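Here are the chains, one letter per residue:
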Amino acid sequence: MKSIPQATALALTILALIACAETPERVSETYRLDLGSDVTVAFLEGLTPEMSEKVAYVTHVPSGSQAILNQDGKVVERHDGRADGPSRLDAVLDDEAQIARITAVLTNGEDASPRPHTISWVPMVKFDGIHYLRRWDQVGKITRADISDLTREHLGSELYRIAFRLDGYAGPFYHSQDGDATFLNPGTPVYQVRGYSPRFRLATLEQGRPTLYEADTNPLAKVGEDLLDIRDKVVAIDILEDDHENTLLTTVDDNPTVARFVDLALEAPVNQNDRDRRGPRYFLRFRLVDGTSVVRVFRPETGELSRGVMTGTEAASILSDALRNRRAPDQATTNLSPSPDTSPTNHEPASPVVFPRHDAPLGTDRGGEYFAAQLVMREGCLRAEVLPKYDPNDPGSWLIIWPNGFTSDTEADPVRVKDELGRVVAQVGDHIRLSRAAVTFEEAAERELVRGLSGDCAEPYFLVGDEVTTFDLGSEPTELRLSDPDVVFFRERTLVARYQALMMASGVGELILDGQCLRLKNSSPREYWPTIIWPAGFAPHVNEGVVEIRNGAGRAVAQVGDQIAGGGGYFDRSSGDCSGPVWRANRMKTLPDVEVYFPKQDGTLAPEEGTELFSGKLILFGKCLQVADDVIRVKDRVYAGISPLLIWPHDFALSMKDGVVEIVDGTGSVVARVGDEVEFDAWNLTYSEAKEHGGLAEITPACSGPYWAVGETFAAVPGP
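Residues numbered from 1 in each chain as written. Predicted model: local features only at pLDDT ≥ 70, side-chain atom pairs only at ≥ 80, totals over all residues. Heavy atoms only, no water.

**Quick look at helix α4 (residues 313-325)**
- Across its 13 residues, α4 extends 18 Å between first and last C-alpha, which sits within 8% of the 18 Å expected from 1.5 Å per residue.
- Every buried residue of α4 is listed here: A315, A316, I318, L319, S320, A322 and L323. (Helix = DSSP H or I, 4+ residues; strand = E, 2+ residues; numbered from the N terminus. Expected span 1.5 Å × (residues − 1). Buried < 20%, exposed > 50% of the residue type's maximum accessible area, 1.4 Å probe, protein only.)

Here it is, written out as structure tokens:
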């Protein structure tokens, strides 16, 4: 039998917060003590069956020397690291005052188990001031069969050991420190990688499998080579689309071009300061000679290679040429730039207006990915146009497919668009903000939900969702106020672009009115409740005395007192009259008012490669049903962790008896209770699968991934 992997990869779409507050949030001494001289103590409880009571991991971080102490202050396990680490560790263990501090926490009766939280951490470790992220092609859909896995032969000597785990032990504004990891338990060895600088790559063993971590931020980095040790190692560069599948667009594999791009990247200056990183982007996958790969975001508008490597215009031109040359000759030479005699405000259609429509679900856009452009008429076709184009692979002009019930008023000059109620929502020449439909054009066409297309109007196509609004380019207000009650409301400006780079830190909590400030009340101390900066187009309203928030389509998405959730980014700075941190939300929704979230399959899910049998303990983590790993053994080390979220069969149900959560199958039989040891078959789901077919859309990001669909077999052995 196989246990659920402790470090199953998180989907790239839910990458979240590395806490970055300038003023660190303190961790309770229930979980951590910092003794000075680079020595950290982490307190854990019930980590393994062999260590069921609270223990202390005492770590000299730079050397990796570490000792585990029981409640009597006795060393039950020890590892001597590099250099003078053993003597540094001895100095602590021989210091009666320090041991007294440690044993006081060990015996204070406080629970040191992981606490429920609503943070979706990115898989990360920190050492010597450098944040390392788990390699991207191990956490997203961009894994390809032609990219080799890391093997044990790639591992070098042990560099250090994890001193403290953030997941379950630290709050959203905790400032990560050397020796920290988001998901790895204290005691996990971290290795060098043969052939690479440890300031670029490190590795761990997770579920017995070598796993890469690569440098993301380094405060001492001056040029790209300080972050990327890839000189003379790159054999090809894949350019991947910024979509859910990370579609391969083209590959650069001629040696001179590859070498020139790598030189530009490694010699480029580094600027890792916060900046507005919205706009178009690609993913670049550098294929290396040893069969592994490096994946980084590239922004053609600025030439930035993530994170903060400012390559400049020549590097952007190399990729532009590669993308342009992959096209057919007629596509490569098409000029979509407007000319004086075809400007959008005076161009008359040469034929009746083509006005395609669709019956696809409009979606429940909450201010996330929108398309902001100018509504233009091109030879009888109403198009959304973003010019100048941000990159040569973007057509810059998209044919709009409108929701069913929308009409065009061709008698008006300029042509106007009306919604299903006959209201004018836009006219040619306007800057418009469009939400996306709930399905792609390809899915809608396959289901025959699109009608009225004409061969005279070239693709690509954009299926509009429930928002069609106009905005004033450059003069859109970002601060609104209500007088009764007194509310100050902050929102983003609309970015004119087809792509919006979304920040993925999870924000979950209660929407409250704190004085005149709308804040997110979460599990952190009060001073860390952030002021919300809402998405573009959102606005406050008063409905029967209650402040509610409406999205760009005019639909209420939340009101004061609701439990809300969304993606965004945390920043440790005040906004206007509201002091304290802020949370820039880019998606938002109201969570169901239930005690336990119970996402279920819609009946269409099926494993592509069969299921596997797993075991563990059914637990309630916050409002999320998960399974605690049974023990994972790697050599002589013992690990444990928290499993992915379970997506239940469509005929299962939830019940409550005597305060205990029970799982009921399709026959009405109770198959498990929280606290039971369970055995079940399951398979992994992507974020998109869980959202579309597993009920995840209603509760994300309150329950983070990865996600496992429960199969036909589910049995339980009652717990104590």
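Having seen the structure, we can now continue with the description.
**So, the sheet that holds strand β5 (residues 75-79)**
- Ordered in space as β1-β2-β3-β4-β5, the five strands form an open sheet in which the pairing is antiparallel. At either margin of the open sheet sits one strand with a lone partner, and together these are β1 (32-36) and β5. Pairs of neighbouring strands in the sheet enclose a mean axial angle of 15°, with direction left out of account.
- With six bridges joining them, strand β2 (residues 39-44) and strand β3 (residues 55-60) adopt antiparallel strand pairing. Note on β3: the bridge partner recorded for V41 is V58.
- Relative to strand β4 (residues 65-69), helix α1 (residues 85-93) is tilted by about 30°, and along the sheet it contacts β1, β2, β3, β4 and β5. (Pairing = 2+ DSSP bridges. Axes fitted to C-alpha atoms, helices over the stretch in contact; angles between N-to-C directions. Contact = heavy atoms within 4.5 Å.)

**Considerations on the confidence of the model for the chain**
- Per-residue pLDDT for the chain averages 78, and the proportion of residues at 70 or more is 79%.
- A low-confidence stretch, residues 327-351 (pLDDT under 50), is modelled with 31 contacts involving residues beyond four sequence positions or located in other chains.
- Counting contacts from residues 630-642, a segment whose pLDDT is below 50, to residues more than four positions away or on other chains yields 41 contacts. (pLDDT = per-residue confidence, 0-100.)

**Some words on the sheet that holds strand β17 (residues 293-299)**
- Here six strands make up an open sheet; going across it, the order is β15-β14-β16-β17-β18-β19 and the pairing antiparallel. Two strands close off the open sheet at either side, each with one partner strand: β15 (248-252) and β19 (309-310).
- Examined bridge by bridge, β17 and strand β18 (residues 304-305) share two bridges and lie antiparallel to one another. Bridge pairing in β18 links F298 to L305.
- Across the sheet, helix α3 (residues 255-267) touches β14 (234-240), β15, β16 (282-288), β17, β18 and β19, and the angle it forms with β14 is around 80°.
- Against the sheet, α4 makes contact with β14, β15, β16 and β17, and its axis sits at roughly 115° relative to β15, the strand it touches most.

**Brief notes about the state of the cysteines**
- Considering all chains together, one arrives at two disulfides under this definition.
- Through a disulfide, C381 is tied to C457; the S-S separation comes to 2.0 Å. The sign of the -90° torsion about the S-S bond sets the C381-C457 disulfide as left-handed. With C381 in strand β22 (residues 381-385) and C457 in the loop between β28 (450-451) and β29 (461-470), the pair connects residues that are 76 residues apart, well separated along the chain. Side by side, C381 and C457 carry an identical accessibility label, which is buried.
- Between C517 and C578 runs a disulfide, and the two sulfur atoms are separated by 2.0 Å. In this structure the cystine formed by C517 and C578 twists about its S-S bond by roughly -100°; its chirality is therefore left-handed. Of the two residues, C517 is situated in strand β33 (residues 517-521) and C578 in the loop between β38 (563-571) and β39 (582-585); the sequence distance between them amounts to 61 residues.
- By relative accessible area, C578 is classed as buried at 1%. (Disulfide = S-S within 2.5 Å.)

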